[in-house]
Amino acid sequence: MLRISTKGQYALLIMTDLAEQDPEKYIPLKLLSHRHNLSVKYLEQILIQLSKSGLVLGLRGNNGGYKLARKPEDYKVGDILRAMEGDLSPRNPTESNAVSSVGNDDFWKDFEGVINDFVDSNTLEHIAEKNRQFNGYDYCI
């Protein structure tokens, strides 16, 4: 079954946060950790993986932190999720060969296509823009 791990979900959240920041400034790891109530160690694991995939740039030192490697509109959500999760196929690769004799291959290929088309049609900028439009919950007493 296709499931996006918490690391994948947090990676998308952190990337969205970075997309909403000044693109020239590095955002400190501790600030990102505090904003999202994540341990520095856990968040560092995510950012190292995103950095190795070329999605973020990291800088050490007093003015260090992380920032996007490209413009938010140049990131497909699928690229971010694949960097963390690998293939987004709804079938386990080891099971797909065993089940292929059942005759539903076209269905599963179409389903996988829908998933990939969806994540690849959404950009980081699209998500960040939706977040900017949300003004929070409005409570009246």
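Attention in this report is confined to the structure presented alongside it. (Residues numbered from 1 in each chain as written. Predicted model: local features only at pLDDT ≥ 70, side-chain atom pairs only at ≥ 80, totals over all residues. Heavy atoms only, no water.)

A word on the overall build of the chain
Reasoning step 1: Per the secondary structure count, the chain includes seven helices and two strands.
Reasoning step 2: For the chain, the N- to C-terminal ordering of α and β elements is α-α-α-β-β-α-α-α-α.
Reasoning step 3: When contacts within the chain are restricted to residue pairs at least 6 apart in sequence, long-range pairs at least 24 apart make up 68% of them.
Reasoning step 4: Here the chain has roughly 9500 Å² of accessible surface; of this, 51% comes from carbon and sulfur atoms. (Helix = DSSP H or I, 4+ residues; strand = E, 2+ residues; numbered from the N terminus. Contact = heavy atoms within 4.5 Å. Areas by Shrake-Rupley, 256 points an atom, 1.4 Å probe, with all protein chains shown as cover.)

Notes on the pairing of strand β2 (residues 65-68)
Reasoning step 1: Looking at chain direction, strand β1 (residues 56-59) and β2 are connected through four bridges and run antiparallel. For leucine 57, the partnering residue across the bridge sits in β2 and is lysine 67.
Reasoning step 2: Once β1 ends, the chain turns through five residues before running back antiparallel as β2, passing glycine 61 with a positive phi of about 110°. (Pairing = 2+ DSSP bridges.)

Re the side chain of aspartate 17
Reasoning step 1: Within the secondary structure, aspartate 17 is located in helix α1 (residues 6-19).
Reasoning step 2: A polar atom in the side chain of aspartate 17 sits 2.6 Å from the side chain of histidine 36.
Reasoning step 3: Those residues within four positions of aspartate 17 in sequence are excluded, and the remaining contacts are Leu32, Arg35 and His36. (Polar contact = N/O pair within 3.5 Å; in protein donor to acceptor, adjacent residues only side chain to side chain.)

With respect to the packing of aromatic side chains
Reasoning step 1: In the structure shown here, the tally under the stated rule is four aromatic pairs.
Reasoning step 2: Relative to phenylalanine 111, the ring of phenylalanine 107 has its centre 6.1 Å away and its plane inclined at 10°; by these criteria the two rings are stacked. Remark: phenylalanine 111 and phenylalanine 107 occur in helix α6 (residues 105-121); sequence separation between them is four residues, near one turn of the helix.
Reasoning step 3: For phenylalanine 111, a relative accessible area of 35% gives the class partly exposed.
Reasoning step 4: With 6.0 Å between their ring centres and 70° between their planes, tryptophan 108 and phenylalanine 111 make a pair best called edge-to-face. Pair noted here: tryptophan 108 and phenylalanine 111 are both in helix α6, with a separation of three residues, about one helical turn.
Reasoning step 5: With a relative accessible area of 27%, tryptophan 108 lands in the partly exposed category. (Phe/Tyr/Trp six-rings, centres within 6.5 Å; stacked < 30°, edge-to-face > 60°. Buried < 20%, exposed > 50% of the residue type's maximum accessible area, 1.4 Å probe, protein only.)

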